[in-house]
Amino acid sequence: MRKGINQWCFPNGTSLANVFETSRQAGFDEVELNLYAPGGVGLTMDTTEEEAKAIGRLAEHHGIQLRSLSSEIMGRYPLSSPDQEVRNLGIKAMQKQIQIAAWLGMDTILVVPGRVNEEVSYEQCYERSRTELAKLLPALEANHIHMGIENVWNKFMWSPIEMAKYIDDFGSSLVCAYFDVGNTLLFGYPQQWIRILGHRIRKVHVKDFKLAIGNMNGFVPLLAGDVDWNAVRIALNEIGYNDVLTAELTAYTSAPEQLIFDTARHLGVIMGDKPN
C-alpha cells in the first residue's frame, strides 16, 4: 500500500507547489486533488487541458503521483435533488472530473451520489442517483476511469451489503467503492465493510473517530480515535488491497503543516511499520 493525502488536509489557499513539496518531504507517494468551483486553488471547473497538465508536471517535479480526484461541488449539486437542473450541474461537475482525470492519467474519481433529507426520501435518493450516474458510463469507458462511490454521512447506504448491490447493479467494473474507514465507525465496523465490499474497493480514505463524541467533532487525527487499525490492516490484506491509503483530515489550528508529517508517520504505523 502507498501513502496518500488529500488537498483538504492543508489550509485553504495553500499553493499546490507547497502542497506537493510538503507532502514529498513528509514521505507521501500521492496527493489527492479536489475539483473546485471557479476561483479555487488548483483544479476548477474552468481549468483547461494545458493548465491541468502544468499541474501534473508540477506534481511530477516534486516526486508526487496524482491518481485520484475528489470534488467539493457534489455537495452543492447532489444527484438526489428533486430539481433536474441541480442534478444536471452535478453531472456537469462529474464530467469535468472525468475529463481532468483523463488529462492527468488518473485512474479514479470520487463520487458522493446524493443525500437523504426531509425533501428527499431514501427511495428517491437511490433511484435518482443511479439514473444520473448511469449517464456517465460511456465517458468512464471511453477514458477507462473508475468511479469510486464513497460512503459518507448522508443518511444513505448505511450497510455494506446495500452498497455492494448498488455498485453491482451498474454492471460495470469501472463503478467501484471509494471506502472511507472513519465514516463507518459510528454505525458499523470498518473491517466488516472491507470484507463484504472486497474486490469492489478501488481506493481507501482514512480518518479516525471517537465514539464517545459521536458527532462531526468526533473526527480526530489517525491513531487518536477508536478505529481498530490492526483489524483494518488485516482485512485489507485479506482482500488483496494494494493501492493507496489517502488521509482526509482537518488541518491543525496551530502549525498546520505539522499535520502532514504526523499523518505520514501514523500511516506507517497503520501499514505495519515499526514506530521510530
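Scoring rules and cut-offs
- Residues numbered from 1 in each chain as written.
- Predicted model: local features only at pLDDT ≥ 70, side-chain atom pairs only at ≥ 80, totals over all residues.
- Heavy atoms only, no water.
- Buried < 20%, exposed > 50% of the residue type's maximum accessible area, 1.4 Å probe, protein only.
- Helix = DSSP H or I, 4+ residues; strand = E, 2+ residues; numbered from the N terminus.
- Pairing = 2+ DSSP bridges.
- Right-handed = clockwise from strand over helix to strand, strands pointing away.
- Phe/Tyr/Trp six-rings, centres within 6.5 Å; stacked < 30°, edge-to-face > 60°.
- Salt bridge = Lys/Arg side-chain N within 4 Å of Asp/Glu carboxyl O.
- Axes fitted to C-alpha atoms, helices over the stretch in contact; angles between N-to-C directions.
- Contact = heavy atoms within 4.5 Å.
- Left-handed = near helix turned anticlockwise from the far one by under 90°.
- Nonpolar A, V, L, I, M, F, W, Y, C, P; charged D, E, K, R; others polar.

A. Main features of the pairing of strand β4 (residues 108-111). Residues Thr108 and Leu110 line one face of β4 and the alternating positions Ile109 and Val111 line the opposite face, and both faces are buried. Pairing analysis gives two bridges linking strand β3 (residues 68-71) to β4, with the strands arranged parallel. Bridge pairing links leucine 69 to isoleucine 109 in β4.

B. View of the pairing of strand β2 (residues 30-35). Extensive coverage of β2 is indicated by the burial of six of its six residues. A two-sided burial pattern is seen for β2, the buried positions comprising Glu30, Glu32 and Asn34 on one face and Val31, Leu33 and Leu35 on the other. In this sheet, β2 lies alongside strand β1 (residues 2-6) in parallel orientation, the contact comprising three bridges. Bridging from a neighbouring strand, isoleucine 5 pairs with valine 31 of β2. Once the chain exits β1 it traverses helix α1 (residues 16-26) before rejoining the sheet at β2, and the crossover so formed is right-handed. The pairing of β2 with β3 spans three bridges and is parallel. What sits directly across from asparagine 34, in β3, is serine 70. For the handedness criterion, the β-α-β arrangement of β2, helix α2 (residues 49-61) and β3 is classed as right-handed.

C. Structural context of the packing of aromatic side chains. For the structure on display, the rule yields eleven aromatic pairs. Between tyrosine 126 and tyrosine 166, the aromatic rings sit 5.2 Å apart at their centres with planes inclined by 90 degrees, giving edge-to-face as the arrangement. With tyrosine 126 in helix α4 (residues 122-134) and tyrosine 166 in helix α6 (residues 160-168), the pair connects residues that are 40 residues apart, well separated along the chain. Both residues of the pair, tyrosine 126 and tyrosine 166, count as buried. A network of ring pairs unites the aromatic residues Tyr122, Tyr126, Phe156, Tyr166 and Phe170 as a single cluster.

D. Local environment of the pattern of salt bridges. Under the definition given, this model contains 17 salt bridges. Among the ionic pairs, glutamate 30 bridges to arginine 2, the shortest N-O distance being 2.6 Å. Taken together, the positions of glutamate 30 in strand β2 and arginine 2 in strand β1 put the pair 28 residues apart, joining distant regions of the chain. Exposure remark for glutamate 30: the relative accessible area of 3% places this residue in the buried category. For arginine 2, a relative accessible area of 24% translates into the label partly exposed. Close ionic contact of aspartate 262 with arginine 265 constitutes a salt bridge, the shortest N to O distance being 2.7 Å. With a gap of three residues between them, aspartate 262 and arginine 265 both fall in helix α9 (residues 257-271), about one helical turn apart. Linked by salt bridges that have partners in common, Arg2, Glu30, Arg67, Asp107, Arg202, Lys203 and Asp243 make up one network.

E. Focus on the sheet that holds β3. Taken together, the eight strands give a closed barrel; going around it, the order is β1-β2-β3-β4-β5-β6-β7-β10, and neighbouring strands pair in parallel fashion. Each adjacent strand pair in this sheet contributes to an overall mean axis angle of 30 degrees, direction not counted. Of the pairings in the sheet, the one linking strand β6 (residues 175-180) to strand β7 (residues 201-206) comprises four bridges and is parallel in character. Bridge pairing in β7 links alanine 177 to isoleucine 201.

F. Fine view of α1. Of all the positions in α1, only Leu16, Val19, Phe20, Thr22, Ser23 and Ala26 are classed as buried. Against β1, β2, α2 and α9 lie the buried residues of α1. Phi turns positive, to about 105 degrees, at glycine 27, one or two residues after α1.

G. Inspection of the packing of α1 against α9 at higher detail. One way to put it is that α1 packs onto α9 with a least axis distance of 9 Å and a crossing angle of 35 degrees. In this structure, α1 meets α9 at a crossing whose hand is right-handed. Between α1, through Asn18, Thr22, Ser23, Gln25 and Ala26, and α9, the contact on the second element is made entirely by Glu257, Ile260, Phe261 and Ala264. For the contact of α1 with α9, the residue count by class is four nonpolar, four polar and one charged.

So, to be careful, I would describe these as geometric facts and stop short of saying anything about function.
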